[in-house]
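Structure assessment
What follows is each chain in one-letter form.
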Amino acid sequence: MLLKVAVVTWVIMTVTFHSCLGKHTPCQDPSEENLEAQIGRLAPAYHLLVEKENITPDRELKKCPNALNQTSDLIQDTSISPWSFRVNEDPERYPRKITEAYCLCKGCFMTPNEEDKSLISEPFLMRVPVLQKTRRCVHGHYKYRLTYVKVAQFCNCHLP
Ligand SMILES: *[C@@H]1O[C@H](CO)[C@@H](O)[C@H](O)[C@H]1NC(C)=O
């Protein structure tokens, strides 16, 4: 009898302990594959809009050059408002890393060897679909919802 009570008590305690533990298991991020599938379903143009496969973002940001590189084949080098690319990172978003343009200069090159500071280099922004992490946890995984963020694509020269 005493043994039965002990066993029952032990079972109840173990079950209670495990269900408590279960409640405190931290919520996890869905896998990359799941997030990829989710955004592909919600925003089919995602790949076209967000991925820039042929571009290597700068590790060290570039400074404004003294002169335009007129021998370069790259439009971002020969543009009167030159730009380059960097990584925009956000751990609460999918994709975590987005390649974005940044302007190299404040002004523009109206002549190849001189930055004209009376003009302004400005990024051209485009809204792109991403998934934003929410605080909601379903079946042990955080929910992500579709949203749009503005991402610089290239730089343009503007009058002030
Ligand atoms: C100009 O651009 C070319 C091609 O990208 C590169 O090889 C060269 O080093 C650049 N010159 C300068 C001065 O940055």
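Thresholds applied
Residues numbered from 1 in each chain as written. Predicted model: local features only at pLDDT ≥ 70, side-chain atom pairs only at ≥ 80, totals over all residues. Heavy atoms only, no water. Disulfide = S-S within 2.5 Å. Helix = DSSP H or I, 4+ residues; strand = E, 2+ residues; numbered from the N terminus. Core = buried A, V, L, I, M, F, W, Y, C linked by side-chain atoms within 4.5 Å. Buried < 20%, exposed > 50% of the residue type's maximum accessible area, 1.4 Å probe, protein only. Pairing = 2+ DSSP bridges. Contact = heavy atoms within 4.5 Å. Axes fitted to C-alpha atoms, helices over the stretch in contact; angles between N-to-C directions. Near = heavy atom within 4 Å. Polar contact = N/O pair within 3.5 Å; in protein donor to acceptor, adjacent residues only side chain to side chain. Areas by Shrake-Rupley, 256 points an atom, 1.4 Å probe, with all protein chains shown as cover. Phe/Tyr/Trp six-rings, centres within 6.5 Å; stacked < 30°, edge-to-face > 60°. Lys NZ or Arg CZ within 6 Å of the ring centre and 35° of its normal.

Description of the state of the cysteines
Applying the stated criterion across every chain, the model contains 4 disulfides. Through a disulfide, Cys 27 is tied to Cys 137; the S-S separation comes to 2.1 Å. Measuring the twist about the S-S bond at about 100°, one finds the Cys 27-Cys 137 disulfide to be right-handed. Here Cys 27 is found in the loop between α1 (2-24) and α2 (32-42), whereas its partner Cys 137 is found in strand β6 (residues 120-138), with 110 residues between them in sequence.

So, the nonpolar core
Soluble globular proteins tend to pack their nonpolar side chains together in the buried interior. Counting residues in each nonpolar core, the largest one holds 12 residues, listed as Leu 35, Ile 39, Ala 43, Tyr 46, Val 50, Tyr 94, Ile 98, Val 128, Val 130, Leu 131, Tyr 144 and Val 151. Looking at this core, the elements with two or more residues in it are α2, α3 (46-50), β6 and β7 (141-158). Of the residues forming this core, the biggest block, 3 residues, is contributed by β6. Residues Trp 83, Phe 85, Ala 152 and Cys 155 belong to the second largest nonpolar core, which totals 6 residues.

Structural notes on the sheet that holds β6
Paired through their backbone hydrogen bonds, the strands of a sheet run either parallel or antiparallel. Spatial strand order, β2-β6-β7: 3 strands in an open sheet with antiparallel pairing. Each edge of the open sheet carries a strand with a single partner, namely β2 (93-94) and β7. Here α2 sits on the sheet in contact with β2, β6 and β7, set at roughly 115° to β6.

So, the site of the ligand
Near the ligand the following residues occur: Asn 69, Thr 71 and Ser 72. Residue Asn 69 places a side-chain N or O atom 2.3 Å away from an oxygen atom belonging to the ligand. Look at the ligand: alone it shows 360 Å² of surface, and the protein chains cover 28% of it.

Overview of the packing of aromatic side chains
All told, the structure shown has 2 aromatic pairs when counted by the stated rule. Between Trp 83 and Phe 154 the ring centres are 6.0 Å apart and the planes differ by 50°, which places this aromatic pair in the tilted class. With Trp 83 in strand β1 (residues 83-89) and Phe 154 in strand β7, this pair connects stretches of sequence that are 71 residues apart. Exposure remark for Trp 83: the relative accessible area of 7% places this residue in the buried category. On the basis of relative accessible area, Phe 154 is assigned to the partly exposed category, the value being 28%. Taking the centre distance of 4.8 Å and the plane angle of 5° together, the rings of Phe 124 and Phe 154 count as stacked. With a gap of 30 residues between them, Phe 124 in strand β6 and Phe 154 in strand β7 connect regions that are remote in the sequence. Linked through ring pairs, Trp 83, Phe 124 and Phe 154 together constitute an aromatic cluster. Between Arg 127 and the ring centre of Tyr 148, over which it is positioned, the NZ or CZ distance is 4.7 Å.

Geometric descriptors of this kind do not, in isolation, establish any biological role.
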